[in-house]
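Listed here are the chains, written in short residue letters.
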Amino acid sequence: MAGRHALAVAPPGVVGGRTPLGSLLDLVPARVATSPAWCSAIDPVARVVLRGVRTRGTAGNDRGEWYGATAMVAVSAIEGEWRGTDLGRLAPVEPPCRFGFSSTPKRPSVTSVVTTIDRAVQPAT
């Protein structure tokens, strides 16, 4: 590894195919999918479909923040270790992450996300 806390990814076999949600994301032009207006409009849906996931919120210090997803693929297999200890087998993210205003989908996946931060505007939560 290059550094003390470096991450190395060695495909193939790490990333699977598009998830059903990834197929839906393909239908939305990236310029739309990453706009704060779109992220605000779909936030109620994201909260229900992907429990814990938010597409808008506040980042503190009077900053509004929006997450615009543009692609999503499943993680089908992965191996890793941290400081010489095996990380174990691939498993659902349970319990959900507890930092920031959003979480991650329960199913292991890789999601392409564009983050927009606006210091002057705070979205309604």
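Model, not experiment: these values are computed from the prediction.

What counts, and where the lines are drawn
Residues numbered from 1 in each chain as written. Predicted model: local features only at pLDDT ≥ 70, side-chain atom pairs only at ≥ 80, totals over all residues. Heavy atoms only, no water. Helix = DSSP H or I, 4+ residues; strand = E, 2+ residues; numbered from the N terminus. Buried < 20%, exposed > 50% of the residue type's maximum accessible area, 1.4 Å probe, protein only. Contact = heavy atoms within 4.5 Å. Areas by Shrake-Rupley, 256 points an atom, 1.4 Å probe, with all protein chains shown as cover. pLDDT = per-residue confidence, 0-100. Patch = residues over 30% accessible without salt bridge, like charges linked within 9 Å, V, L, I, M, F, W, Y side chains within 5 Å. Salt bridge = Lys/Arg side-chain N within 4 Å of Asp/Glu carboxyl O. Expected span 1.5 Å × (residues − 1). Bend = angle between axes of the 7 residues up to and from the residue.

K.L.:
Lay out the overall build of the protein chain with the relevant residues and their values.
P.N.:
The helix and strand inventory of the protein chain stands at three helices and six strands. Walking the protein chain from its N terminus toward its C terminus, one meets helices and strands in the order β-α-α-α-β-β-β-β-β. The 125 residues of the protein chain split such that 22% are buried. When contacts within the protein chain are restricted to residue pairs at least 6 apart in sequence, long-range pairs at least 24 apart make up 74% of them. As presented, the protein chain carries roughly 8,700 Å² of accessible surface, and 58% of it is formed by carbon and sulfur atoms.

K.L.:
Could you give an account of unusual backbone geometry, with specific residues and numbers?
P.N.:
That bond from Glu94 to Pro95 is cis: its omega, 0 degrees, falls within 30 degrees of zero. By secondary structure assignment, the location of Pro95 is in the loop between strand E5 (85–86) and strand E6 (109–118). Positive phi, close to 50 degrees, is recorded for Arg83, a residue that is not glycine. Within the fold, Arg83 resides in the loop between strand E4 (81–82) and E5. Note on Arg83: relative accessible area 60%, which makes it exposed.

K.L.:
An account of the confidence of the model for the protein chain is requested, with residue identities and associated values reported.
P.N.:
Low-pLDDT portions of the prediction should not be read for the details of their coordinates. Here the protein chain averages 82 in pLDDT, while 81% of its residues score no lower than 70. When mean pLDDT is compared element by element in the protein chain, helix H2 (residues 30–33) scores highest at 95, while strand E1 (residues 15–18) scores lowest at 78.

K.L.:
I'd like to hear about a nonpolar patch on the surface, residue by residue, with values.
P.N.:
Together, Val45, Val48 and Val49 make up an exposed nonpolar region whose accessible area comes to about 300 Å². Mapped onto the fold, Val49 is located in helix H3 (residues 36–49).

K.L.:
Let's hear about H3: which residues, and what values?
P.N.:
Compared with an ideal rise of 1.5 Å per residue, which puts 14 residues at 20 Å, H3 spans 19 Å between its outermost C-alpha atoms and is within 8% of the ideal. A bend of about 45 degrees at Asp43 is the largest found in H3, and the proline Pro44 appears one to four places after it. All of the buried residues along H3 are Cys39, Asp43 and Ala46.

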